[in-house]
Amino acid sequence: MNHLADIPLWIALPVAFLVVAGSSLALLGTIGLLRLRLFYDRLHAPTLGTSWGIGAIVLGSMLLFSWLDSRPVLHEALIGIFVIVTTPATYLLLGRAALHRDRAKGSANLPNAAAEGADPPKETAEDTVPD
Amino acid sequence: MGRLVPHPLLSLALVGMWLLLTRFSPGHLLLGTAIALIAGRAMAALKPDRPRIRRWIPALRLGVVVPWDILRSNIAVARLILTNGRRGTRRSGFIRIPLELRDPTGLAILSMIITATPGTAWIEHDRKSGVLILHIFDLTDEAAQRDEILRRYATPLMEIFQ
């Protein structure tokens with residue numbers, strides 16, 4: 001890793017800032033996941049890591065390796081893109097599972113806005129039913 | 001584009017990905033293009049609904065607005081976690097948003113935006129009524145937050161896809 005010593009300050013500072021900022025966001029996300037009480041609140045915390053947490057780290061990596069290789073190294077962007085594209089599937093699954101459980105139990109966690117369901121009166125309608 | 005390139009956007013994205021993952025050279029450009037065209041035709045065999053971008057300007061504007069909004073939400077949620085929810089005064093809750101957006105691609109992108117934004121979580125959407133239920137981490141003004149999502153994301157997505 002001795003070639004890292006040759007990196008000039010003007011590139012090292014932004015890279016360090018981006019990597020530290022990104023990892024701090026990811027860390028805060030996990031702290032939030034640990035400390036928040038309600039399941040629905042806890043859904044929000046890890047998104048810090050999956051949005052600008054990963055975004056800043058990826059930008060820092062792109063910047064550093066583009067300089068080291070003297071050519072644009074951009075393939076890290078794919079990591080960010082795939083994380084953004086794939087996380088909704090997991091969150092939707094988690095959110096709907098929690099909602100289903102709480103509705104079945106008639107949980108006090110659910111205020112009116114969510115207790116009734118998005119579908120109109122007849123409960124047969126589901127997202128999978130085509131128009 | 002028609003029969004030869006049934007999914008131009010998908011093929012273009014695949015060529016881009018191929019060139020990012022390999023070092024750029026004419027050979028890789030050729031190979032990547034061939035693979036992208038074959039993948040586009042394979043996709044056509046599955047007969048998905050082809051998304052059609054009708055207007056590009058709102059799409060480009062969203063490309064700037066969304067990362068900026070996500071950054072602001074990152075800072076806001078990080079601060080709430082650090083201050084223990086303004087010392088216990090933070091209130092979270094659900095909101096219902098009646099959506100006029102019906103296009104499946106538009107809805108998929110809306111779900112990505114909402115999921116990637118800390119502080120909003122996509123909970124349920126009903127295709128028939130168009131009602132979307134979100135969970136908001138810091139619910140301050142229900143009507144204002146509903147309008148903001150409609151104005152900033154749902155309306156531009158409708159302009160793009162419908």
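Here is what the cut-offs are and how they apply
- Residues numbered from 1 in each chain as written.
- Chains lettered and ligands numbered in written order.
- Predicted model: local features only at pLDDT ≥ 70, side-chain atom pairs only at ≥ 80, totals over all residues.
- pLDDT = per-residue confidence, 0-100.
- Helix = DSSP H or I, 4+ residues; strand = E, 2+ residues; numbered from the N terminus.
- Axes fitted to C-alpha atoms, helices over the stretch in contact; angles between N-to-C directions.
- Parallel < 35°, antiparallel > 145°, perpendicular 65-115°, else oblique.
- Left-handed = near helix turned anticlockwise from the far one by under 90°.
- Nonpolar A, V, L, I, M, F, W, Y, C, P; charged D, E, K, R; others polar.
- Core = buried A, V, L, I, M, F, W, Y, C linked by C-beta atoms within 7 Å.
- Buried ≥ 20, exposed ≤ 12 C-beta atoms within 10 Å, placed from the backbone.
- Contact = placed C-beta atoms within 7 Å.
- Expected span 1.5 Å × (residues − 1).
- Arc of directions from axis to C-beta.
- Domains from an automatic or database assignment.
- Pairing = 2+ DSSP bridges.

**A look at the confidence of the model for chain B**
Residue and element names in this part refer to chain B.
Reasoning step 1: Of all residues in chain B, 98% have pLDDT values of 70 or greater, and the mean over the chain is 86.
Reasoning step 2: Summarising per-element confidence for chain B, the mean pLDDT is lowest in helix H4 (residues 84-88) (79) and highest in helix H3 (residues 57-82) (91).
Reasoning step 3: The ipTM, which scores confidence in the relative placement of chains, is 0.77 for this predicted complex, and the corresponding pTM is 0.81.

**A short note on the packing of helix H1 (residues 9-35) of chain A against helix H3 (residues 47-69) of chain A**
Residue and element names in this part refer to chain A.
Reasoning step 1: Viewed as axis vectors pointing N to C, H1 and H3 meet at an angle of 160°, and their least axial separation amounts to 8 Å. In terms of orientation, H1 and H3 fall into the roughly antiparallel class. Crossing geometry of H1 relative to H3 is assigned as left-handed.
Reasoning step 2: Here the residues of the contact of H1 with H3 are counted per class, giving 18 nonpolar, eight polar and no charged.

**Structural notes on the nonpolar core**
Reasoning step 1: Core analysis: the biggest nonpolar cluster contains 45 residues, and Leu110, Ala121, Ile123, Leu134, Ala154 and Leu157 of chain B have the highest contact counts within it.
Reasoning step 2: Broken down by element, this core gets its largest block of residues, seven residues, from H3 of chain A.
Reasoning step 3: The residues contacting Leu157 of chain B, other than those within four sequence positions of it, are Leu101, Gly106, Ile109 and Leu110 of chain B.

**Topic: the interface of chain A and chain B**
Reasoning step 1: Facing the 37 residues of chain A at the interface are 36 residues of chain B.
Reasoning step 2: Only H1, helix H2 (39-42), H3, helix H4 (76-105) and helix H5 (112-115) of chain A provide two or more residues apiece to the side of chain A that touches chain B.
Reasoning step 3: Broken down by element, the residue count for the side of chain A that touches chain B peaks at eleven residues, all from H4 of chain A.
Reasoning step 4: Residues of the side of chain A that touches chain B, tallied by class, amount to 24 nonpolar, eight polar and five charged.

**A closer look at helix H2 (residues 26-46) of chain B**
Residue and element names in this part refer to chain B.
Reasoning step 1: A rise of 1.5 Å per residue sets the reference length of H2, with its 21 residues, at 30 Å; its end C-alpha atoms lie 30 Å apart and thus fit the reference within 8%.
Reasoning step 2: Every buried residue belonging to H2 is among Gly32, Ala36 and Gly40, and all of these are buried. Projected down its long axis, H2 shows its buried positions confined to an angular sector of 75°, all on one face. In this structure, H2 carries Gly27, Leu30, Ala34, Ile38, Ala42 and Ala45 as exposed residues pointing more than 90 degrees from its buried face.

**Remarks on unusual backbone geometry**
Reasoning step 1: Of note in the backbone geometry, Ser70 of chain A takes a positive phi value of approximately 50° without being a glycine.
Reasoning step 2: Among the structural elements, Ser70 of chain A can be located in the loop between H3 and H4.

**Let's talk about the environment of Ile133 of chain B**
Residues and elements named next belong to chain B.
Reasoning step 1: Structurally, Ile133 can be placed in strand S3 (residues 131-136).
Reasoning step 2: Classification of Ile133 by C-beta neighbours within 10 Å gives buried; the count is 21.
Reasoning step 3: Along the primary structure Ile133 and Ile95 are separated by 38 residues, whereas in three dimensions their C-alpha atoms are 5.8 Å apart.

**Thoughts on the confidence of the model for chain A**
All names here are of chain A.
Reasoning step 1: Chain-level statistics for chain A give a pLDDT mean of 81 and a share of 79% at 70 or above.
Reasoning step 2: Of all secondary-structure elements in chain A, the lowest mean pLDDT belongs to H5, at 62, while H1 reaches the highest, 92.
Reasoning step 3: Segment residues 120-131: pLDDT under 50, and nine contacts once partners within four positions in sequence are set aside and those in other chains are kept.

**Comments concerning the domain arrangement of chain B**
Reasoning step 1: Per the domain assignment, the segments of chain B are domain 1 (8-46) and domain 2 (57-161).
Reasoning step 2: Centre-to-centre, using C-alpha coordinates, domain 1 of chain B lies 33 Å away from domain 2 of chain B.

**Concerning the sheet that holds strand S1 (residues 93-98) of chain B**
Residues and elements named next belong to chain B.
Reasoning step 1: What the three strands build is an open sheet, ordered S1-S3-S2; its pairing is antiparallel. In this open sheet, the two strands that pair with only one neighbour each are S1 and strand S2 (120-125). Direction aside, neighbouring strands of the sheet carry axes that sit 30° apart on average.
Reasoning step 2: Relative to S3, S2 runs antiparallel, the two being bridged by five bridges.

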